[in-house]
Amino acid sequence: MKNLLASLSIAAALAVLPQFASAQTYPERTITMVVPFSAGGPTDTVARLVAEAMSRDLGQQVIVENVGGAGGTVGAARVAQAEPDGYTLLLHHIGMATSATLYRNLSYNPLESFEYAGLVTEVPMTIIARPDFPADDLQGLIAYLKENADDVTYANAGIGAASHLCGMLFMSEIETQLTTVPYQGTGPAMTDLLGGQVDFMCDQTTNTTSQIQAKAVKAYAVTSGERLEQLPDLPTAAEGGLASMQFGIWHGLYAPKGTDAAIVERLSKSLQGALKDNNVIERFAALATKPEPEENATPAALKAKVESEIARWKPLIEAAGVYAD
């Protein structure tokens, strides 16, 4: 019996050794960071800056792979089903939380299918319109929308996208439903807005700051608590009477459930270092956002954020009665 127990103990120890060794030597090859949206969009921009900085820290290349579709759920599902070895990661935005309600038949559970590495950044939203739109300020915009609801078109990057969520909240706040025009990504939506094919939209500063600065669009408000240094003349939504429109599109880094705790910790530390990288700080600033502080780039902070945001958006989505499936 003693020999049997000893053999079982040795076998158990040997089974753990490869995993332990893997965690100790991680990473040994290229890491793929999945972005569940199209290339060139706001989340893709954030991911590529972070991936570049993490590559230098980890000593292995972190490549970004765009896996768009179904409001970010296709890419998220791929990572949820990936081998939990630390070589397939997910950089997702607020859609990680809202998908829990928007999609009633998800193939994964945002709270149970992932390990959390940390928060990355929280990007403000801007409310913008085609350059020749009649209204001149936020109150004028709201009044115009109420009077012309049947004739105004609102563009977004598809159900579940940041622009869709912002528009849903905006229409709820002004108690006016508008004709929504969904696109396959932020780029096409912005192109049509610039061309006057649609009237207005709401999107992240990472995608709109340069357009606003160039006066290629008419800007009405930013959803941050204070005016932005990069856009000092743009009032906050609260200044325009929409106090509850204060929010941002936060981004987080995830790994598949079951990824070794030591690997998750290594990724979290690498993320924290990346968010202190001068290039990341400067590029984020140019996009009117900033990296999360070290205490937020942690597994605990990201998990708490996902939980709180699911609770925040669930009643709003249910009240709207608009689901993605």
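Further up the page is the structure itself.
Cut-off values and rules
Residues numbered from 1 in each chain as written. Predicted model: local features only at pLDDT ≥ 70, side-chain atom pairs only at ≥ 80, totals over all residues. Heavy atoms only, no water. Disulfide = S-S within 2.5 Å. Helix = DSSP H or I, 4+ residues; strand = E, 2+ residues; numbered from the N terminus. Buried < 20%, exposed > 50% of the residue type's maximum accessible area, 1.4 Å probe, protein only. Core = buried A, V, L, I, M, F, W, Y, C linked by side-chain atoms within 4.5 Å. Contact = heavy atoms within 4.5 Å. Salt bridge = Lys/Arg side-chain N within 4 Å of Asp/Glu carboxyl O.

Novice: Let's hear about the state of the cysteines: which residues, and what values?
Specialist: Applying the stated criterion across every chain yields a total of 1 disulfide. The disulfide bridge from C166 ends at C202, spanning 1.7 Å between sulfur atoms. As the torsion about the S-S bond is roughly 55 degrees, the C166-C202 disulfide counts as right-handed. Linking C166 in helix 6 (residues 162–174) with C202 in strand 7 (residues 200–204), this pair joins segments that are 36 residues apart in sequence. Classification of C202 by relative accessible area gives buried; the value is 2%.

Novice: Mind laying out the nonpolar core, listing which residues take part and the relevant values?
Specialist: Nonpolar side chains tend toward joint burial in soluble globular proteins. Counting residues in each nonpolar core, the largest one holds 69 residues, and the members touching the most others are I127 and F170. The dominant element in this core, judged by the number of residues it contributes, is helix 6, at 8 residues. Beyond its immediate stretch of four places on either side in the chain, F170 contacts I127, L138, L141, I142, L145, F200, L242 and M245.

Novice: So what's going on with the pattern of salt bridges? Residues and values would help.
Specialist: Inspection of the entire model under this criterion finds 15 salt bridges. Between R56 and D277 there is a salt bridge, and its shortest N-O distance comes to 2.9 Å. With R56 in helix 2 (residues 42–58) and D277 in the loop between helix 9 (261–274) and helix 10 (278–286), the pair connects residues that are 221 residues apart, well separated along the chain. Residue K269 pairs with E265 through a salt bridge whose shortest N-O separation is 3.9 Å. Taken together, the residues span about one helical turn, with K269 and E265 both in helix 9 at a distance of 4 residues.

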